[in-house]
Amino acid sequence: MAVKATVTFGNQFFTSRLEKVVGWARKYSIFQYPFVTACCGMEYMAVAAGHYDMDRFGAGLPRFSPRQSDVLFVVGTISHKIAPVLKTTYDQMCEPKWVVAFGVCTCTGGFYDDYATVMGIDTIIPVHLYIPGCPPRPETVLDGLIKLQERIQNERQELFHGS
Amino acid sequence: MAPDSLTLRKLKERFPGSVLAVHSYRGDDTAVVKGEDLVSVARFLKEDPELQYNFLMDLTAVDYLGQEPFDSPQRVVLGSAQEGIRFEVVYHFYSLPLNQRVRIKVPVPESDPTVDSVTGLWAGANWFEREVWDMFGIRFKGHPDLRRILLYDGFEGHPLQKDYPLRKRQPRIGPQV
Ligand code: SF4
């Protein structure tokens, strides 16, 4: 009996440690896909460039293929015209994946309550982090990024599909 | 009122029947011309050696639904709702050699919102005219490829027309509100 109990304990210990390590690795090796459509892009560049330097937080490597990226940064106004493209981009990303709504346009449509604009990208794809602001200040973005990293760390880590 | 500029004088002299009104405000010349003579007026402005308006700066439209289309500040009425005039297409020409501008307006009836295309004179008019078609539903006769430019195929209506419903949404994917 005693032996069996020790073995079970060992398994749990091993899995939770492994999850922590994988979460730690995932949160500090974010490959982002910048889906940049509008003015927020300038602020995104400011965050990515040397002064604010997103790379300090392990999110310094933008990929321009959805297949290679983990976090979809939706930066700028999404119109109905481009909405299907955004959905396809999201669908093409491999699991695990996260979505950041960067700027108030992507969060709610912002002040573009009109015939052309999608009223928040969460009507089309799931969103894990909302960064408000028009455009958000770089500090806000970094704060958001850190919150996303906390979330990634504390998530259940799917090591194999369906595990 | 200040005497008309050379451009407006020449226009009135050359096209007495088609220039409906002219005015000049702080050096900005405006002439209202009949739609059927637009292309000849534009060609004259472009090719006359004393004018040389060789650059089409802008081409847009206005919807005067429910109003008398008038031309401020002198309030020259361009046409009335009774006559069926609803839109106005506005051209801005610039003369690079002479550094001067002129604005041409064309009243457009609601029953047949069609204007002759100036793509034959300025290739750059192509996208402007597509935009006016897309937003206002005004057709350009003689345009090589009059398709929507900003909105997608399948969009119904022309959103900058004043009677386009303010809250009408036509999403392609997602909730159809
Ligand atoms: S939130 Fe503001 S800055 Fe960002 S894309 Fe929209 S309008 Fe531009």
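The coordinates are above.
None of these values were measured; they are calculated from a predicted model.

Quick notes on the rules
Residues numbered from 1 in each chain as written. Chains lettered and ligands numbered in written order. Predicted model: local features only at pLDDT ≥ 70, side-chain atom pairs only at ≥ 80, totals over all residues. Heavy atoms only, no water. Near = heavy atom within 4 Å. Nonpolar A, V, L, I, M, F, W, Y, C, P; charged D, E, K, R; others polar. Contact = heavy atoms within 4.5 Å. Buried area = accessible area lost by both parts, 1.4 Å probe. Salt bridge = Lys/Arg side-chain N within 4 Å of Asp/Glu carboxyl O. Pairing = 2+ DSSP bridges. Helix = DSSP H or I, 4+ residues; strand = E, 2+ residues; numbered from the N terminus.

Visitor: Residue-level account of the site of the ligand, with values.
Guide: Close contacts around the ligand come from A:Ala38, A:Cys39, A:Cys40, A:Gly76, A:Thr77, A:Val104, A:Cys105, A:Phe111, A:Tyr112, A:Gly133, A:Cys134 and A:Pro135, and that covers them all. Class assignment of the residues belonging to the shell around the ligand gives a composition of nine nonpolar, three polar and no charged.

Visitor: For the interface of chain A and chain B, give the residues involved together with the corresponding values.
Guide: Taken together, the contacts link ten residues of chain A with 18 residues of chain B. Approximately 1100 Å² of surface area, both sides summed, lies buried where chain A meets chain B, with 61% of it carried by carbon and sulfur atoms. At the surface where chain A touches chain B, the tally comes to two salt bridges. For A:Asp113, the salt bridge identified is with B:Arg169, shortest N-O distance 2.5 Å.

Visitor: I'd like a rundown of the sheet that holds strand β3 (residues 71-75) of chain A, residues and numbers included.
Guide: Residues and elements named next belong to chain A. On the basis of which strands lie adjacent, the open sheet formed by five strands has the order β2-β1-β3-β4-β5 and parallel pairing. A strand with exactly one partner marks an edge of an open sheet, and here the two such strands are β2 (61-62) and β5 (129-131). Pairing analysis gives three bridges linking strand β4 (residues 98-102) to β5, with the strands arranged parallel. Residue pairing in the sheet places Ala101 in a bridge with Tyr130 of β5.

Visitor: How would you explain the environment of B:Val108 if you had to name every residue and give the values?
Guide: All names here are of chain B. As for its position among the elements, Val108 is in strand β7 (residues 100-109). For the pair Val108 and Ile85, spaced 23 residues apart in sequence, the C-alpha to C-alpha distance is 5.6 Å. Sequence-distant contacts of Val108, that is, excluding residues within four places in its chain, are made with Gly84, Ile85, Arg86, Phe87, Val89, Pro113, Thr114 and Val115.

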